[in-house]
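# A closer look at the structure
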Amino acid sequence: VLSAAAWADEPVTYPLWVNGEQFTAEKTTINCGEGTAVYDAANSRLTLTDAAITIGGDRAVGIAVDSNAALDIILVGNNSISVDGSGIQTNDVHITMSGAGKLTINTSAEIRDGISTAGEFTLIGDKDTKAIPELEILASRGIGIASNKTVKIENAKLTSEGLYAGIDAVNLIITDSTVKLKSSQENCNAAFIREGQTED
């Protein structure tokens, strides 16, 4: 039986890993090359500032999320994920990516995707502030963006190339954006929209 003091020494961990490290209540900033990844748990916000993510850790994932809560990713400056695995991988999480920065994801691992989520993925800019996020993905042996729900691109720039598809989702919505999608595999689609059940 552990004493109260022993329990008090247990660190509070968050279900979010970046560059092979897990965020905790005491460690909310993770160094990523010359840049940083900073997690605001109260607002479920991850800010990437000139982050170079090159370590996938045990999961072989640049950014891994285990919770089912929404996650906001803010891009500042020039960021990159280059790992021998998936770039971003989540459960049934609604990921929203925004900001005025850029993120480049490059993965060459077999059947690994640039972004893989059971939830929704939204890339959105701000018309008022002219903050236009830019996302560039190359998944040479997988899928650029794979979602079991909806992918939304609004006021943003997206280039996504995968072996099997640039985007594979149940629903795709593109508004006021520059989008380039490509599949390098013969007889595969740049965008493959699957039949499935979506939420209202």
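Within every chain, residues take consecutive numbers counted from 1 along the sequence as written. For this predicted model, a pLDDT threshold of at least 70 governs which residues receive local features, and a threshold of 80 or more governs which side-chain atom pairs are given and counted, while totals over whole chains, interfaces and linings are taken from all residues. Values shown for side chains rest on all heavy atoms present in the structure; no hydrogens or waters enter the calculation.

Here we come to the side chain of Ser98. Position of Ser98 among the secondary structure elements: in strand 11 (residues 95-99). Excluding its chain neighbours within four sequence positions, the residues that come into contact with Ser98 are Ile73, Ile74, Leu75, Ile124 and Pro133. For the purposes of this entry, the term helix denotes a DSSP run of H or I that reaches at least four residues, the term strand denotes a run of E that reaches at least two, and both are numbered from the N terminus. Note on contacts: a residue pair qualifies if any of its non-hydrogen atoms lie within 4.5 Å across the two residues.

By definition, a salt bridge exists where a carboxyl oxygen of Asp or Glu is found within 4 Å of a side-chain nitrogen of Lys or Arg. Per the stated rule, a full pass over the model turns up 9 salt bridges. In this structure, Asp40 and Arg45 form a salt bridge, with 3.6 Å as the shortest nitrogen-oxygen distance. Glu136 serves as the salt-bridge partner of Lys102, at 3.4 Å between the closest nitrogen and oxygen. Pair noted here: Lys102 is in strand 12 (residues 102-107) and Glu136 is in strand 15 (residues 134-139), with a separation of 34 residues, a long-range link. Among the residues examined, Lys102 registers a relative accessible area of 24% and is labelled partly exposed. Exposed residues in this analysis have more than 50% of their type's maximum accessible area, buried residues have under 20%, and partly exposed residues fall in between, with area computed by a 1.4 Å probe over protein chains only. Looking at Glu136, the relative accessible area reads 31%, which means it is partly exposed. What emerges from the salt-bridge pattern is a single network uniting Lys102, Glu134 and Glu136.

This part covers the sheet that holds strand 16 (residues 143-147). By this definition, two strands are paired if DSSP reports at least two bridges between them. As summarised here, the arrangement of the 8 strands in space is 2-1-7-10-13-16-19-22, forming an open sheet in which the pairing is mixed. In this open sheet, the two edge strands, each paired with only one partner strand, are strand 2 (21-24) and strand 22 (191-193). Strand after strand, the sheet turns through a mean of 20° between neighbouring axes, direction not considered. One ladder, built from 3 bridges, connects strand 1 (residues 13-18) with strand 7 (residues 61-65); its direction is antiparallel. Residue pairing for strand 7: Val18 is matched across the bridge by Ile63. Only the stretch in contact is used when a helix axis is fitted, and all axes are lines through C-alpha atoms; the angle between N-to-C directions ranges over 0 to 180 degrees.

Quick look at the sheet that holds strand 21 (residues 178-183) now. Here 6 strands make up an open sheet; going across it, the order is 6-9-12-15-18-21 and the pairing parallel. Every interior strand has two partners, whereas the edge strands, strand 6 (52-53) and strand 21, have only one. Strand direction decides the pairing type here: strand 12 and strand 15, joined by 6 bridges, are parallel. Its bridge partner being in strand 15, Leu103 is matched across the sheet by Leu135.

Here we take up the packing of aromatic side chains. For this analysis, a ring pair means two rings from Phe, Tyr or Trp (six-membered ring only for Trp) whose centres lie within 6.5 Å, classed as stacked if their planes differ by under 30 degrees, edge-to-face if by over 60, and tilted for the remaining angles. Tallied over the full model, the rule gives 2 aromatic pairs. An angle of 70° between the planes, with centres 5.5 Å apart, marks the rings of Tyr14 and Tyr39 as edge-to-face. A residue pair is termed long-range when its members are at least 10 positions apart, and Tyr14 in strand 1 and Tyr39 in strand 4 (residues 35-40) qualify at 25 residues. Between Phe23 and Tyr39 the ring centres are 5.5 Å apart and the planes differ by 40°, which places this aromatic pair in the tilted class. Remark: Tyr39 occurs in strand 4 and Phe23 occurs in strand 2; sequence separation between them is 16 residues. Here the two residues Phe23 and Tyr39 agree in accessibility, since each one is buried. Taking NZ or CZ as reference, Arg59 lies 3.9 Å from the ring centre of Trp17, over its face. We call a charge positioned above a ring when the Lys NZ or Arg CZ atom is no farther than 6 Å from the ring centre and deviates by at most 35 degrees from the ring normal.

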